[in-house]
Amino acid sequence: MKVWKVKKTYSRGYALGPVCIIEKKEIRTVYDNIVPDRIADEIKRFDEAVEEGCRELSKLSAESEIFASHAAIASDIALRGGVEAKIKEKLMCAEAALLETTGEFIAIFESMDDEYMRERAADMKDVRERLLTILSGERENPFEGMEEKSIILARELTPSDTAKMNLKLAAGFIMELGGATSHVSIMAKNLGIPCLTGAEGILSEVGNKDFLIMDAGAGDIYADPPEAFIKEYELKERKWLEEEKRLKESAGLPSLTKDGVGFELCANAGNLEEVRSAAEYEIDGIGLFRSEFLYMGSDHFPTEEEQFLAYKEAACLLKGKELTIRTLDIGGDKELSYWQLPREENPFLGCRAIRICLKEPDIFKPQLRAILRAGAYGNVRIMYPMITSVEEIREANKILEECKMELEGEGLPYKKDIQAGIMIETPAAVMIAEELAGEADFFSIGTNDLTQYFLAADRGNEKVAEVYNSYHPSVLRAIALTIQAAHKQGIKAGMCGEFASDEKASVLLLGMGLDEFSMSAGEISRIKSRLRETDCKAARKAADNILSQSSVKGVINCLI
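Residues numbered from 1 in each chain as written. Predicted model: local features only at pLDDT ≥ 70, side-chain atom pairs only at ≥ 80, totals over all residues. Heavy atoms only, no water.

Trainee: Outline the UniProt feature "binding site: phosphoenolpyruvate" (unreviewed entry) in the protein, listing residues and values.
Mentor: Mapped onto this structure's residue numbering, the UniProt feature "binding site: phosphoenolpyruvate" (unreviewed entry) falls at Arg-290, Arg-326, Asn-448, Asp-449 and Arg-459. Here Arg-290 shows up in strand E9 (residues 285-290). Residue classification places Arg-290 among the buried residues on the basis of a relative accessible area of 19%. Once residues lying within four places of it in the same chain are set aside, the contact partners of Arg-290 are Asn-268, Ala-269, Gly-270 and Arg-326. (UniProt positions renumbered as here; feature names shortened; annotations may be inferred. Helix = DSSP H or I, 4+ residues; strand = E, 2+ residues; numbered from the N terminus. Buried < 20%, exposed > 50% of the residue type's maximum accessible area, 1.4 Å probe, protein only. Contact = heavy atoms within 4.5 Å.)

Trainee: Help me get a handle on the pairing of strand E13 (residues 442-445), residues and values and all.
Mentor: A two-sided burial pattern is seen for E13, the buried positions comprising Phe-442 and Ser-444 on one face and Phe-443 and Ile-445 on the other. One ladder, built from 3 bridges, connects strand E12 (residues 419-424) with E13; its direction is parallel. Across the sheet, Ile-422 pairs through a bridge with Phe-443, a residue of E13. Across 4 bridges, the pairing between E13 and strand E14 (residues 492-495) is parallel. Counted as the bridge partner of Ser-444 is Gly-494 from E14. (Pairing = 2+ DSSP bridges.)

Trainee: Describe the packing of helix H1 (residues 39-60) against helix H3 (residues 77-90), listing the residues and the values that go with them.
Mentor: Between H1 and H3, the least distance of the axes is 9 Å, while the angle of their chain directions is 155 degrees. For the element pair H1 / H3, the angle class is roughly antiparallel. Of the two elements, H1 crosses H3, and the hand of that crossing is right-handed. Between H1 and H3, the contacting residues are Ile-39, Glu-42, Ile-43, Phe-46 and Asp-47 on the first element and Leu-79, Arg-80, Val-83, Glu-84, Ile-87 and Lys-88 on the second. (Axes fitted to C-alpha atoms, helices over the stretch in contact; angles between N-to-C directions. Parallel < 35°, antiparallel > 145°, perpendicular 65-115°, else oblique. Left-handed = near helix turned anticlockwise from the far one by under 90°.)

Trainee: Break down the sheet that holds strand E3 (residues 150-154) for me, with residues and values.
Mentor: If you walk across this open sheet you meet the 7 strands as E1-E7-E6-E2-E3-E4-E5, and the pairing is mixed. For this open sheet the edge positions go to strand E1 (2-5) and strand E5 (195-197), each flanked by a neighbour on one side alone. Recorded for the sheet is a direction-independent mean angle of 30 degrees between the axes of neighbouring strands. Of the strands in this sheet, strand E2 (14-22), strand E6 (211-215) and strand E7 (220-223) are in contact with helix H8 (residues 227-250), which crosses E2 at around 110 degrees.

Trainee: Now, about the domain arrangement of the protein: what can you tell me, with residues and values included?
Mentor: According to the domain assignment, the protein contains domain 1 (2-20 + 145-227), domain 2 (36-136) and domain 3 (247-559). On a C-alpha basis, the centres of domain 2 and domain 3 stand 32 Å from each other. (Domains from an automatic or database assignment.)

Trainee: Please give an account of the packing of aromatic side chains that cites residues and values.
Mentor: Following the criterion strictly, the structure yields 9 aromatic pairs and no others. With centroids separated by 4.7 Å and ring planes inclined at 70 degrees, the aromatic side chains of Tyr-222 and Phe-229 adopt a geometry described as edge-to-face. Each member of the pair Tyr-222 and Phe-229 is classed as buried. The ring centre of Tyr-233 lies 4.3 Å from the NZ or CZ of Lys-236, which sits over that ring. Geometry around Tyr-377 places Lys-312 over its ring, the cationic atom sitting 4.5 Å from the centre. (Phe/Tyr/Trp six-rings, centres within 6.5 Å; stacked < 30°, edge-to-face > 60°. Lys NZ or Arg CZ within 6 Å of the ring centre and 35° of its normal.)

What follows is the structure in structure tokens.
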């Protein structure tokens, strides 16, 4: 029996069955240049391909909102502008211009440290592949020969690939490339299909029809397992399906612990498509709405009106539930193609997030005005990232007040009593949390960066992966101090980092007094069930014990 281990997983569940290997044709990358007389024709060819692609994607969007975002990418003016410029200036054909232009966007996304943003490169590749297929006239369906329910194994799969297959025959997906937050992983999770990405080298070890077992939650893959092993996993699969059914049935129950203590469960979202998807779950709102998608998917700084329309739509989708919009968080690993940030030796400790916004009010004010205006249509809140001082939040709020006065003078409706909170994600913010709580309307703890900065361990660096651990006593004590400071000043403390969706951590955080848990929408029912089964008094006692531990091992041993 051969075994593979995938480090990061997004979906859960089990799949057992034969392998179906999917091989796709390589994209042609070499094209001849055109003569000047062909420029107008090539631009027309590209525009017609985009029109056809958008028609296809519009039909597919009824099945998944992911395709609506692909249509937006295909029709984006930044993409068209780049293609048109290369056709005119370099005499490239439409295919070559498309390859080079998308390659530039893909390179930006793939260079980012943030896994979510890095995975957006896959969406650009999917759109590129669709448009190239239309331009070439060569259509293929690699799933045509699939006749029995199988575990699909491929180098890489895109959302467009899933639209070509009979999903009833998909027992699971395994890919060598891609990440846990790729759109195929998200789609698979929503469809209840186990999915694992990053299984490097498996295609060279497994053949068509080989029998596989996959444990998506643990990240384990087994090839040609013995009969006793198969029976063991068939039992695990049955139990998991029963548990999923139970979670679905209990999703609408109140968010209360066994002893009647309430808690709030929100979703994180990176674009409108994810807000729509999250709104279908039993959530209390969106605890983190990353606004970067408006900036990074454009060839210009989005106007106030463009931002207003996007935020307004998100607020309306939530029908009065919380929408917490994080102001622009660029710098570090997040770059804009149309605005050159100064090169810094260590960008994560440089000019990023709120530091950029305070230095560039012409960028900051249109966003604040747009958020204020969207607040007239729902329960919208503002959240400033990377705050390290009282002066920063005061300066941000001063600009916010200026925006309110401007809107008042212009007679535009806006949310006058909008809440402005901050993210706690630096040691500096933790150490002055009580003072910050006197200025902010709420806290949201960003455990991803908080852990990274407290432990001086880059979360994207595999060489220090064993150091990066949110269960480290220093990180846990920082979280506890933050929650205590918030409550002392009478404001709520939430969490929007990955730690909030860890089952054992959720009980610990409840015991610490965390008010709001924000996570991927698909994790909410599981965390809700866990917290509903918890006695809050027991969780508080356990938290006190855990906070006295001096090592990660000691913490883990005390978790309940």
